[in-house]
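Coordinates in review
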Amino acid sequence: MPDQVLFAMEVTLNGLMAGVLYSLVALGFVLIFKASGIFNYAQGVMALFAAATLVGIMDGQVPFSHLINAIFGTDLHHFGWHVPALLAIVLTVGVMIVLAWLVQKLVMRHLVNQEPIILFMATIGLAYFLEGLSDLMWGSSIKTLDVGLPQGINDTIDRVTFDAFGYGFFIDNLDIVAAIIAALLVIALMAFNQYTKEGRALRAVADDHQAALSVGISLNFIWVLVWSLAGFVALVAGMMWGAKSGVQFSLSLIALKALPVLMLGGFTSIPGAIVGGLIIGVGEKLFEFLIGPMVGGATENWFAYVLALLFLVFRPQGLFGEKIIERV
Amino acid sequence: MSQPLTQARSDAAPLAGMDDPLLDVSNIEVIYNHVILVLKGVSLKVPKGGITALLGGNGAGKTTTLKAISALLHSERGEVTKGRVSYRGETVHNSDPADLVRKGVIQVMEGRHCFEHLTVEENLLTGFYTRKASKAEMNADLEKVYSYFPRLKERRKSQAGYTSGGEQQMCAIGRAMMAKPETILLDEPSMGLAPQLVEEIFGIVKELNEREGVTFLLAEQNTNVALRFAHYGYILESGRVVMDGPAAELRENPDVKEFYLGMSDEGRKSFRDVRSYRRRKRWLS
Ligand SMILES: Nc1ncnc2c1ncn2[C@@H]1O[C@H](COP(=O)(O)OP(=O)(O)O)[C@@H](O)[C@H]1O
Ligand SMILES: [Mg+2]
């Protein structure tokens, strides 16, 4: 096979891996948007908060240690223990559920029936609040997250492809694991949505709040549920990105990458979020590889947004945006 | 509360429960958005096992009354500011809708409100949400709903949004049935349906009432049909009950004939006349 084709294949694979992560972040948005019509600006910060909490718990950090030390003149920093990754993940999930409950109880519950723009503003406030809370609880330094995911080049793929094509593909182990976990999570979420009683209730709420209320579905419960799910998705996304490039403020910017994914896939479609993520992931890598050299490179910074813009102009509901059923 | 025009006749069995009603709405006032006064003291009683009709033109306050009972007002920023709604003697107007569904009161909303993107069968299953029963029981109830609405069985896999208006109305009633309710608050089932379908749906309501013992409170603008199927009726105008009585008598009442059944020689009268009628009635009672 010619080298160019092989390179392109490798680039495509890498793009798919990155794309799965984009899908995951976008999924967090879709979950909340579908069920409550809220565009959750805080989704990226939730990923940051989740990752910071995970690191903090694993390292046995004392939460709010700066605050405590400043008030009581103590010198606390660490509990002096380390929590195993799996347990820490479970605890972090617990924290995200408590957070979801608090968001619903303290903020969203009081904004029922408000305009979408007001709900959106509330999530902007939430984003800044969470960002501050994350710093206050765990400090603002850059943290490394090591939950024991494999790192480095996958030798097997390298060897197999080398034997087959005379050219070894460089695929990062972390990307492979991230892709598999994200794929499993997506499948689990879709199955939950489609086949469980709560999933059905969730879709019912997404279709018609009033009717859902009338059959006895509690909106409060459903909203805590979607915020918890979104929190869980944020944790997984934060974990993958955090393992890759450290837990720091820039992690919250992954949410920006989710926007073009949503414009492609539609804000209300779970399959849309997945396919959209993959298209953007592969698209930006291939574009950089094929066209990049002609325009001086660095196309990855803008490719996704330009693609999203084209979609906004020509197909605003996205690839999979739910058709509005108009029939009486 | 306004006085019944006449005493309930002894042969109308479900009316016997009027002294000890299942649902008792007593002199309620409802305000939307803290300022819009919509119900100005509505009282009505729904006896167990009966079909009670709540009649009146557009904007009379029928939907508001039903929502005050089912606790769906809160989500529309409406509030019961005076009076009391009690179900089996328990005050319910401040509970939440899910509680009422568990107590056996469920509303079928005006305009059907099926979940468009869910299939017909999934719609029906959402009605089962509050129940703690087994899967076998769920399937048995599903079959029962299908036995009343065979058309829904044919369309069970279709997205509800793509079914016809009549099918959606059936779907909405079937969905409510899945909650195994004691009382269904049915809001304008005839809206936008062809007369033949209206007959079919009222026929099924009657069957559900007689065979399953479901109590109905039925809001309708279609006075003619509603009074043929109901046992007792209340007429609502601008947030007040202006008349009530056994359905058979309301049907024969000259004023009802004139103002609601359109059977006067001069045709339907204007709202002005209705007002003068009300004044007349107040003098009489
Ligand atoms: N959510 C609401 N906010 C403010 N006013 C309302 C609301 N819903 C209904 N109304 C008003 O209350 C009155 C009664 O409405 P409704 O109960 O829907 O009457 P009906 O069902 O008999 O047609 C109408 O004048 C209507 O404009
Ligand atoms: Mg109405």
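Quick caveat: nothing in here was measured; it's all calculated off a predicted structure.

Considering the packing of aromatic side chains
- Summed over all chains, the structure comprises 15 aromatic pairs over all chains.
- Geometrically, the ring pair formed by F287 of chain A and F303 of chain A is tilted, given 4.8 Å between the ring centres and 35 degrees between the ring planes. Here F303 of chain A lies in helix α14 (residues 303–314) and F287 of chain A lies in helix α12 (residues 270–290), a separation of 16 residues in the sequence.
- Here F287 of chain A falls in the partly exposed class, since its relative accessible area comes to 23%.
- A network of ring pairs unites the aromatic residues F29, F33, F39, Y41, F120 and F267 of chain A as a single cluster.
- K197 of chain A extends its terminal NZ or CZ atom over the ring of Y129 of chain B, reaching a point 4.9 Å from the ring centre.
- The ring centre of F115 of chain B lies 4.6 Å from the NZ or CZ of R175 of chain B, which sits over that ring.

Things to note about the coordination of the magnesium ion (ligand 2)
- All of the protein donors around the magnesium ion (ligand 2) are T63 of chain B (OG1) and E110 of chain B (OE); their distances to the metal are 2.0 to 2.1 Å. Note that T63 of chain B is positioned in helix α1 (residues 62–70) and E110 of chain B in the loop between β6 (105–108) and α3 (120–126), a separation of 47 residues in sequence.

Remarks on the sheet that holds strand β9 (residues 232–237) of chain B
Residue and element names in this part refer to chain B.
- One open sheet holds the six strands; their spatial order is β6-β7-β8-β3-β9-β10, and the pairing between them is mixed. Whereas interior strands pair on both sides, the edge strands pair on one side only; in this sheet they are β6 and β10 (240–246). Strand after strand, the sheet turns through a mean of 15 degrees between neighbouring axes, direction not considered.
- The strands that helix α6 (residues 165–177) touches are β6 and β7 (183–187); relative to β6, the one it contacts most, it runs at about 170 degrees.

Remarks on the site of ligand 1
Residue and element names in this part refer to chain B.
- In the vicinity of ligand 1, the contacting residues are Y32, I36, V38, G57, N58, G59, A60, G61, K62, T63, T64 and E76.
- A60 places a polar main-chain atom, nitrogen or oxygen, 3.2 Å from an oxygen atom of ligand 1.
- With respect to ligand 1, the backbone of G61 contributes an N or O atom lying 3.0 Å from an oxygen atom.
- For ligand 1, whose accessible area on its own is 560 Å², the fraction buried by protein is 68%.
- For the shell around ligand 1, the secondary structure elements donating two or more residues are β2 (36–46) and α1.
- By residue class, the composition of the shell around ligand 1 is four nonpolar, six polar and two charged.

Some remarks on the side chain of S158 of chain B
All names here are of chain B.
- With respect to the secondary-structure elements, S158 resides in the loop between α5 (150–154) and α6.
- S158 sits in the buried class, given a relative accessible area of 18%.
- Once you skip the residues sitting within four places of it in the chain, S158 turns out to touch L118, T119, V120 and T163.

Some points on the sheet that holds strand β5 (residues 90–91) of chain B
Residues and elements named next belong to chain B.
- A sheet is described by the order of its strands in space; here four strands give the open sequence β2-β1-β4-β5, paired in antiparallel fashion. The two strands at the open ends of the sheet, each matched to only one other strand, are β2 and β5.
- Direction of pairing for strand β1 (residues 23–32) relative to β2: antiparallel, over a ladder of eight bridges. For Y32, the partnering residue across the bridge sits in β2 and is I36.
- Contacting β1, β2 and β4 (78–87), α1 runs over the sheet at an angle of about 110 degrees to β1.

With respect to the UniProt feature "transmembrane region" (unreviewed entry) in chain A
All names here are of chain A.
- Taken from the UniProt record, the annotation "transmembrane region" (unreviewed entry) applies to residues 12–33, 45–64, 84–103, 110–130, 176–196, 217–241, 261–282 and 289–314.
- For residues 110–130, the helix share is 71%, the strand share is 0%, and the end-to-end C-alpha distance is 19 Å.
- As annotated, residues 289–314 has a helix share of 69% and a strand share of 0%, and its two end C-alpha atoms lie 26 Å apart.

Quick notes on the nonpolar core
- With 161 residues, the main nonpolar core has L54, I217 and W227 of chain A together with L152 and I184 of chain B as its most contacted residues.
- Among the elements that line this core, the one with the most residues is helix α10 (residues 219–245) of chain A, at 17 residues.
- Dropping the residues within four chain positions of it, W227 of chain A is found in contact with I32, N40, M46, A100, V103, M108, T123 and L126 of chain A.

Topic: the interface of chain B and chain A
- Counting from both sides, the interface comprises 31 residues of chain B and, opposite them, 24 residues of chain A.
- A combined buried area of about 2600 Å² lies between chain B and chain A, and 54% of that area is made up of carbon and sulfur atoms.
- Contact with chain A buries area across many residues of chain B, yet F115, H117 and Y129 of chain B alone supply 28% of it, more than any other trio.
- On the surface where chain B and chain A come into contact, there are one salt bridge.
- Across the pair R203 of chain A and E122 of chain B runs a salt bridge whose closest N-O atoms are separated by 2.9 Å.
- For the pair chain B and chain A, the interface holds six residue pairs in polar contact (both at pLDDT 80 or more).
- Elements with a contribution of two residues or more to the side of chain B that touches chain A: α2 (97–103), β6, α3 and α6 of chain B.
- By residue class, the composition of the side of chain B that touches chain A is 12 nonpolar, 12 polar and seven charged.

Some thoughts on the domain arrangement of chain B
All names here are of chain B.
- As far as domains go, chain B holds domain 1 (1–104 + 182–248), domain 2 (114–180) and domain 3 (253–285).
- Inter-centroid distance (C-alpha atoms) of domain 1 to domain 2 is 24 Å.
- With 19 residues of domain 1 at the interface, the matching set in domain 2 holds 14 residues.
- For the pair domain 1 and domain 2, the two sides together bury roughly 1300 Å², of which 71% comes from carbon and sulfur.
- It is I204, L208 and E212 that lose the most area in domain 1 upon contact with domain 2, and together they represent 31% of the buried surface on that side.
- The shortest N-O distance in the salt bridge between R151 and E200 comes to 3.4 Å.
- On the surface where domain 1 and domain 2 come into contact, there are three residue pairs in polar contact (both at pLDDT 80 or more).
- The set of elements that each furnish at least two residues to the side of domain 1 that touches domain 2 consists of α2, β7 and α7 (195–211).

Rules behind the numbers
Residues numbered from 1 in each chain as written. Chains lettered and ligands numbered in written order. Predicted model: local features only at pLDDT ≥ 70, side-chain atom pairs only at ≥ 80, totals over all residues. Heavy atoms only, no water. Phe/Tyr/Trp six-rings, centres within 6.5 Å; stacked < 30°, edge-to-face > 60°. Helix = DSSP H or I, 4+ residues; strand = E, 2+ residues; numbered from the N terminus. Buried < 20%, exposed > 50% of the residue type's maximum accessible area, 1.4 Å probe, protein only. Lys NZ or Arg CZ within 6 Å of the ring centre and 35° of its normal. Donors = N, O, S within 2.8 Å, 3.2 Å for Na, K, Ca; no water. Pairing = 2+ DSSP bridges. Axes fitted to C-alpha atoms, helices over the stretch in contact; angles between N-to-C directions. Contact = heavy atoms within 4.5 Å. Near = heavy atom within 4 Å. Polar contact = N/O pair within 3.5 Å; in protein donor to acceptor, adjacent residues only side chain to side chain. Areas by Shrake-Rupley, 256 points an atom, 1.4 Å probe, with all protein chains shown as cover. Nonpolar A, V, L, I, M, F, W, Y, C, P; charged D, E, K, R; others polar. UniProt positions renumbered as here; feature names shortened; annotations may be inferred. Core = buried A, V, L, I, M, F, W, Y, C linked by side-chain atoms within 4.5 Å. Buried area = accessible area lost by both parts, 1.4 Å probe. Salt bridge = Lys/Arg side-chain N within 4 Å of Asp/Glu carboxyl O. Domains from an automatic or database assignment.

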